[in-house]
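Chain residues, written in single-letter form:
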Amino acid sequence: MNAILWTLINNRRFNVLNKENLRTVIQSGGGSGYISDMTRKLSFGISLICIRLKIHSNTITAASLFFAVFGAILQSFNDLKYLHLSILFILLYNILDHVDGELARYEKVIKKEKKGLDGPYFDALVHYFFTPLLFFSIGLAAYHTNGNEGALWCGLIIGMWLS
């Protein structure tokens, strides 16, 4: 699939880069681990499409905010179909988080754009908003299940502590 995507974006602007060099440049940051490695494989193809369509990294960050918020909110419901949707939305948030970082590195290194603080600030804001909301939603789900108000407070405190 990546070979097809590479041919889509292969025009005069990319003649100095081959696919592996571009991958090395835009995937230089990030963590390691199973989820990160899995999402990195998917994010590169999405990043190539976004580069071709000239989609800015902040646009992808806004889309990841949508998936993060709705994924966290769906965690608070006890129905299994909502939990499955929540897992899907949180996975999409994680993939798009990698994509926005890759696009930001592409914009900075390849296109030589002068980057301000708005992109990193927006990305950090999404992270700081998502974590407490996720844990509060998990606490709310535990409260709905057990009726224990302590679970609600525990979710709130842990979410605030981790943000």
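Our structure's up above, just so we're on the same page.
**Some words on the overall build of the chain**
So, step 1. Counting its regular elements, the chain contains 7 helices and 0 strands.
So, step 2. Shown N-terminal to C-terminal, the secondary structure of the chain runs as helices and strands in the order α-α-α-α-α-α-α.
So, step 3. The buried share among the 163 residues of the chain stands at 35%.
So, step 4. Considering only intrachain contacts with a sequence separation of at least 6, the fraction spanning at least 24 residues in the chain is 71%.
So, step 5. Carbon and sulfur atoms make up 67% of the accessible area of the chain, which totals about 9800 Å².

**Points about the packing of aromatic side chains**
So, step 1. Tallied over the entire structure, the rule returns 6 aromatic pairs.
So, step 2. Where Phe66 meets Phe67, the ring centres are 5.2 Å apart and the plane angle is 75°; that geometry is what we call edge-to-face.
So, step 3. Here the aromatic rings of Phe66 and Phe70 are separated by 4.7 Å at their centres, their planes lie at 55°, and the arrangement is tilted. Of this pair, Phe66 and Phe70 are both found in helix α4 (residues 57–75), 4 residues apart, which corresponds to roughly one turn of the helix.

**A few points about the packing of helix α5 (residues 80–110) against helix α6 (residues 118–146)**
So, step 1. As a packed pair, α5 and α6 sit with axes 12 Å apart at the nearest point and diverge in direction by 165°. Taken together, the axis directions place α5 and α6 in an arrangement best described as roughly antiparallel. Regarding α5 and α6, the two cross each other, and that crossing is left-handed. From α5, Ile90, Tyr93, Asp97 and Asp100 reach across to α6, where they touch Asp123, Val126, His127, Phe130 and Leu134.
So, step 2. Its residues assigned to classes, the contact of α5 with α6 shows 5 nonpolar, 1 polar and 3 charged.

**A word on unusual backbone geometry**
A negative phi holds for most residues other than glycine; trans holds for most peptide bonds.
So, step 1. With a phi close to 60°, Lys54 is a non-glycine residue in the positive phi region.
So, step 2. The class of Lys54 is exposed, set by a relative accessible area of 64%.

**Structural notes on the environment of Ala141**
So, step 1. As for its placement among the helices and strands, Ala141 is situated in helix α6.
So, step 2. Once the C-alpha coordinates of Ala141 and Gly155 are considered, the two residues, 14 residues apart in sequence, prove to be 9.6 Å apart.

**Quick look at a nonpolar patch on the surface**
So, step 1. A contiguous nonpolar surface patch, about 590 Å² in accessible area, is contributed by Phe66, Phe70, Ile73, Phe77, Tyr82, Leu85 and Leu88.
So, step 2. Elements supplying a minimum of two residues to the nonpolar patch: α4 and α5.

Parameters and conventions
- Every chain's residues receive numbers from 1 upward, in the order its sequence appears when written.
- In keeping with the predicted nature of the model, local features appear solely for residues at pLDDT of at least 70, side-chain atom pairs appear and are counted solely at 80 or more, and the whole-chain, interface and lining totals rest on all residues.
- Heavy atoms throughout the structure, all of them, feed into the side-chain values; hydrogens and water do not.
- Helix and strand assignments follow DSSP, with helices taken as H or I runs no shorter than four residues and strands as E runs no shorter than two, numbered in order from the N terminus.
- Per-residue accessibility, obtained with a 1.4 Å probe over protein chains only, is compared with the maximum for each type, and a residue is labelled buried under 20%, exposed over 50%, and partly exposed between these values.
- Residues are treated as being in contact if the distance between any of their heavy atoms lies within 4.5 Å.
- The Shrake-Rupley method, run with a 1.4 Å probe, gives the accessible areas here. Residue values count only the displayed protein chains as cover.
- In this scheme Phe, Tyr and Trp rings, the latter by its six-membered ring, pair at centre separations within 6.5 Å, and the angle between planes marks the pair as stacked below 30 degrees, edge-to-face above 60, and tilted otherwise.
- Helix axes use the C-alpha atoms of the stretch in contact, all axes being lines fitted to C-alpha atoms, and the angles between their N-to-C directions lie in the range 0 to 180 degrees.
- Here the word oblique covers every angle except those under 35 degrees (roughly parallel), over 145 (roughly antiparallel) and from 65 to 115 (roughly perpendicular).
- A clockwise turn of the near helix away from the far one marks a right-handed crossing, whereas an anticlockwise turn of less than a right angle marks a left-handed crossing.
- In this count, Pro and Cys sit with the nonpolar residues alongside Ala, Val, Leu, Ile, Met, Phe, Trp and Tyr, while Asp, Glu, Lys and Arg are called charged and the others, Gly among them, polar.
- What makes a patch is a set of residues exposed beyond 30% relative accessible area and free of salt bridges, joined within 9 Å when like-charged and within 5 Å when nonpolar (Val, Leu, Ile, Met, Phe, Trp, Tyr).
- Only one rule defines a salt bridge in this text: a Lys or Arg side-chain nitrogen within 4 Å of an Asp or Glu carboxyl oxygen.

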